[in-house]
Amino acid sequence: MIIQPKVRGFICTNAHPQGCAANVREQIDYIKAQSPIEGGPKNVLVVGASTGYGLASRIAAAFGSGANTLGVFFEKPPTEKRTASAGYYNAAAFEEEAHKAGLYAKSINGDAFSDEVKAQAIEMIKQDMGKVDLVVYSLASPRRKDPKTGELHSSVLKPIGKSYTARNLNTDKLEISDITLEPANEEEIAATVKVMGGEDWELWLDALGEAGVLTDDCKTVAYTYIGEQLTWPIYGHATIGKAKEDLDRAAKEITASGKADAHVAVLKALVTQSSSAIPVMPLYISLVYKVMKEEGTHEGCIEQLYRLYTEGLYTDSPRLDNDNRYRVDDKELRPETQAKIEKLWPEVTEENLFELTDYKGYQADFLKLFGFGVDGIDYEADTSPVVKADFE
Ligand code: NAD
């Protein structure tokens, strides 16, 4: 079939297998061009390993530190008539490249929130790796089924306390208008914490610890975004921020339990399948791209992850904040960078969108997430959506 992007609102419903594979290879090449990660991980479990920051975590561990990796994700496989989701193609391409390089790489495609997938991961670790010395927790999901009660919790992206009106870019229609978001009620806040908070991260570490598959010096990390005042009302101080605060609690508990040295890592705002769904973020990210590219400080997922490993997880002098979090958002949050973004923010209109912001770059990166607009790929060519993978 001819595979062209099918964009619906802030999501693209198909993906290009060769484009996704090329993206994975590009990230691998970036890591290979850096110095190896000294003292880096050897046996790694990545939960949420197929796209965005989790995929970059897996690539950096494997190709920067020669690590064996087990990846867990939830992706749609292809059929003869329908493409897979991008993460499926990414994971298949990653495994192929890792195997070519002589690295162990296996994956589980299933619900990471379930007890079954945790048990399956433990069995595979026991059989193939013995123990893991790093557990990366990089899930982003709109809902979670509680394995104990069977209840399905859905997260919301809403402010807390009072309604919030902000400039929003409708990425479908390229319209900029004010949107007002009503505050979340207590139930919605609690549900968001259930889905995106630290409970499942702790359940993973409990299960792995009880099964005896964590090394004595095991590290674990979960990802968050903090941002500055432009995004606080919809992120840092909103429902998702509340959930992310719960990661700090979980990190303390995990470390105190002795199972692993747990940290939250603060990463920068980037286009991923998850961030494009958050109101206000597309406009903010387009401005971040504009300013940071001009400054020469722009980074993608893979650059961020290489720095997390070399300046956070595997160095004797990590950059930690007062809450014991690794900070890799340092360049985005530089006062002079934020000041430029804040100045541009009220000036952006539909007419000057492409001039004042890097919306072009945002859009290109968005399509690239699904394997589109990638150099060297013939998008007019008849392409089979079916790609063979070792996972289901
Ligand atoms: P993403 O959408 O690219 O990746 C999400 C991953 O989770 C995918 O691998 C997906 O398959 C997996 N997943 C979702 N539900 C699952 C389930 N039920 N079972 C198994 N796997 C499941 O998102 P991302 O932006 O890379 O986010 C990863 C983490 O990084 C999140 O915690 C996010 O908050 C954080 N973060 C993101 C940004 C950003 O700007 N994108 C910035 C800082 C921190």
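Residues numbered from 1 in each chain as written. Predicted model: local features only at pLDDT ≥ 70, side-chain atom pairs only at ≥ 80, totals over all residues. Heavy atoms only, no water.

Q: It is not clear to me how the packing of helix H2 (residues 52–65) against helix H3 (residues 86–100) should be interpreted in this structure. Could you clarify?
A: Two numbers describe how H2 lies on H3: the axes approach to 12 Å, and their chain directions differ by 0 degrees. The orientation of H2 relative to H3 falls into the category roughly parallel. For the pair H2 and H3, the contacting residues are Leu55, Arg58, Ile59, Ala62 and Phe63 in the first and Asn90, Phe94, Glu95, Glu97 and Ala98 in the second. Of the residues assigned to the contact of H2 with H3, the class counts are six nonpolar, one polar and three charged. (Axes fitted to C-alpha atoms, helices over the stretch in contact; angles between N-to-C directions. Helix = DSSP H or I, 4+ residues; strand = E, 2+ residues; numbered from the N terminus. Parallel < 35°, antiparallel > 145°, perpendicular 65-115°, else oblique. Contact = heavy atoms within 4.5 Å. Nonpolar A, V, L, I, M, F, W, Y, C, P; charged D, E, K, R; others polar.)

Q: So what exactly am I meant to see when it comes to the pattern of salt bridges here?
A: A side chain of one charge can pair with a side chain of the opposite charge when the charged atoms of the two come close. For the structure on display, the rule yields 29 salt bridges. Here Asp321 ties to Arg327 by a salt bridge, and the two come within 2.8 Å at their closest N and O atoms. Across this residue pair, the class does not change: Asp321 and Arg327 are buried. What emerges from the salt-bridge pattern is a single network uniting Asp248, Asp321, Asp323, Arg325, Arg327 and Asp329. (Salt bridge = Lys/Arg side-chain N within 4 Å of Asp/Glu carboxyl O. Buried < 20%, exposed > 50% of the residue type's maximum accessible area, 1.4 Å probe, protein only.)

Q: Help me understand the environment of Val136 in this model?
A: Its place among the elements puts Val136 in strand S6 (residues 132–137). The buried category is assigned to Val136, whose relative accessible area is 0%. Sequence separation of Val136 and Arg58 is 78 residues, and the distance between their C-alpha atoms is 8.6 Å. Each residue touching Val136, except ones within four places of it in the same chain, is listed here: Val44, Leu45, Val46, Val47, Ser57, Val221, Tyr223 and Tyr309.

Q: What is the right way to look at the packing of aromatic side chains in this model?
A: Both the distance between ring centres and the angle between the ring planes are used here to describe each pair of aromatic rings. Applying the stated rule across the entire model yields 12 aromatic pairs. Ring geometry for Phe372 against Tyr379: centres 5.9 Å apart, planes inclined by 45 degrees, an arrangement best described as tilted. Each member of the pair, Phe372 as well as Tyr379, carries the same accessibility label: buried. Taken together, the ring pairs connect Phe73, Tyr88, Tyr89 and Phe391 into an aromatic cluster. (Phe/Tyr/Trp six-rings, centres within 6.5 Å; stacked < 30°, edge-to-face > 60°.)

Q: Looking at this structure, I do not really get the packing of helix H1 (residues 17–32) against H2. What am I missing?
A: Angle between the axes and distance between the axes: these two values describe a pair of packed helices. H2 packs onto H1 with a crossing angle of 45 degrees between their chain directions and a minimal axis gap of 9 Å. Of the possible angle classes, the one that applies to H1 and H2 is oblique. You can see that H1 and H2 cross each other, and the crossing is right-handed. Where H1 approaches H2, its residues Val24, Gln27, Ile28, Ile31 and Lys32 are matched on the opposing element by Leu55, Ala56, Ile59, Ala60, Phe63 and Gly64. Among the residues making up the contact of H1 with H2, the classes are represented as eight nonpolar, two polar and one charged. (Left-handed = near helix turned anticlockwise from the far one by under 90°.)

Q: I tried to follow the sheet that holds strand S4 (residues 68–73) on my own but got confused; where do I start?
A: Paired through their backbone hydrogen bonds, the strands of a sheet run either parallel or antiparallel. Taking strand neighbours across the sheet as the criterion, the seven strands line up as S5-S4-S3-S6-S11-S12-S13 in an open arrangement whose pairing is parallel. Looking at strand neighbours, the two that pair on one side only are strand S5 (105–109) and strand S13 (326–327), the edges of this open sheet. Taken together, the four bridges between strand S3 (residues 43–47) and S6 define a ladder with parallel strand orientation. For Leu45, the partnering residue across the bridge sits in S6 and is Val135. Set on the sheet, H2 makes contact with S3, S4, S5, S6 and strand S11 (214–224); between it and S4 the angle comes to about 170 degrees. (Pairing = 2+ DSSP bridges.)

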